[in-house]
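# Structural description and commentary
The residues making up each chain are set out below.
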Amino acid sequence: MDSDAFARLEQRVTALVAELQRQREQNRELGAENESLRSRAEQARRRLDALIESTAEER
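This report concerns the structure included in the present document. From a predicted model like this one, the values you see are computed outputs, not experimental measurements.

### Digging into the overall build of the chain
Within the chain, the secondary structure is distributed over 1 helix and 0 strands. Summarising its shape, the C-alpha atoms of the chain cover approximately 85 × 10 × 5 Å along the three principal directions. As displayed, the chain offers around 5,600 Å² of accessible surface, 53% of which is attributable to carbon and sulfur atoms. Both charge centroids of the chain, one from 11 positive and one from 13 negative side chains, sit 2 Å from each other.

Take a look at the structure:
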């Protein structure tokens, strides 16, 4: 393998590693956002359950 081919291969590997790191970071951010949304949905479900229960008790 000549030095130009090796340099191109090295650049490609570097670009792929950078893309992998970017995707990992994006995945981490999306995971945190997903967890936050799950928590908010659970809180909303609890509030709805409490509202339904209090409405049923009034009848």
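On we go.
### Looking at the pattern of salt bridges
Taken as a whole, this structure holds 6 salt bridges when the rule is applied. One salt bridge connects arginine 45 with glutamate 42, and the closest N-O pair in it is separated by 2.5 Å. Linking arginine 45 with glutamate 42, this pair stays in helix α1 (residues 3-58), spanning 3 residues, or about one helical turn. Its relative accessible area of 40% is what places arginine 45 among the partly exposed residues. The class of glutamate 42 is partly exposed, set by a relative accessible area of 29%. Here arginine 46 ties to glutamate 42 by a salt bridge, and the two come within 3.4 Å at their closest N and O atoms. Highlighted residues: arginine 46 and glutamate 42, both in helix α1, separated by 4 residues, approximately one helical turn.

### Let's talk about the environment of asparagine 34
For asparagine 34, the position within the fold is in helix α1. Classification of asparagine 34 as partly exposed rests on a relative accessible area of 36%. For the pair asparagine 34 and alanine 56, spaced 22 residues apart in the sequence, the C-alpha separation amounts to 33 Å.

### A closer look at a nonpolar patch on the surface
A cluster of nonpolar side chains, Met1, Phe6, Leu9, Val13 and Val17, forms an exposed patch at the surface whose accessible area comes to about 520 Å². Among the residues examined, valine 13 registers a relative accessible area of 44% and is labelled partly exposed.

### Some points on the environment of serine 39
Mapped onto the elements, serine 39 comes out in helix α1. You can call serine 39 partly exposed: its relative accessible area is 34%.

Reading the values: the criteria
Residues numbered from 1 in each chain as written. Predicted model: local features only at pLDDT ≥ 70, side-chain atom pairs only at ≥ 80, totals over all residues. Heavy atoms only, no water. Helix = DSSP H or I, 4+ residues; strand = E, 2+ residues; numbered from the N terminus. Areas by Shrake-Rupley, 256 points an atom, 1.4 Å probe, with all protein chains shown as cover. Lys, Arg positive; Asp, Glu negative; His and termini not counted. Charge placed at Lys NZ, Arg CZ, Asp CG, Glu CD. Salt bridge = Lys/Arg side-chain N within 4 Å of Asp/Glu carboxyl O. Buried < 20%, exposed > 50% of the residue type's maximum accessible area, 1.4 Å probe, protein only. Patch = residues over 30% accessible without salt bridge, like charges linked within 9 Å, V, L, I, M, F, W, Y side chains within 5 Å.

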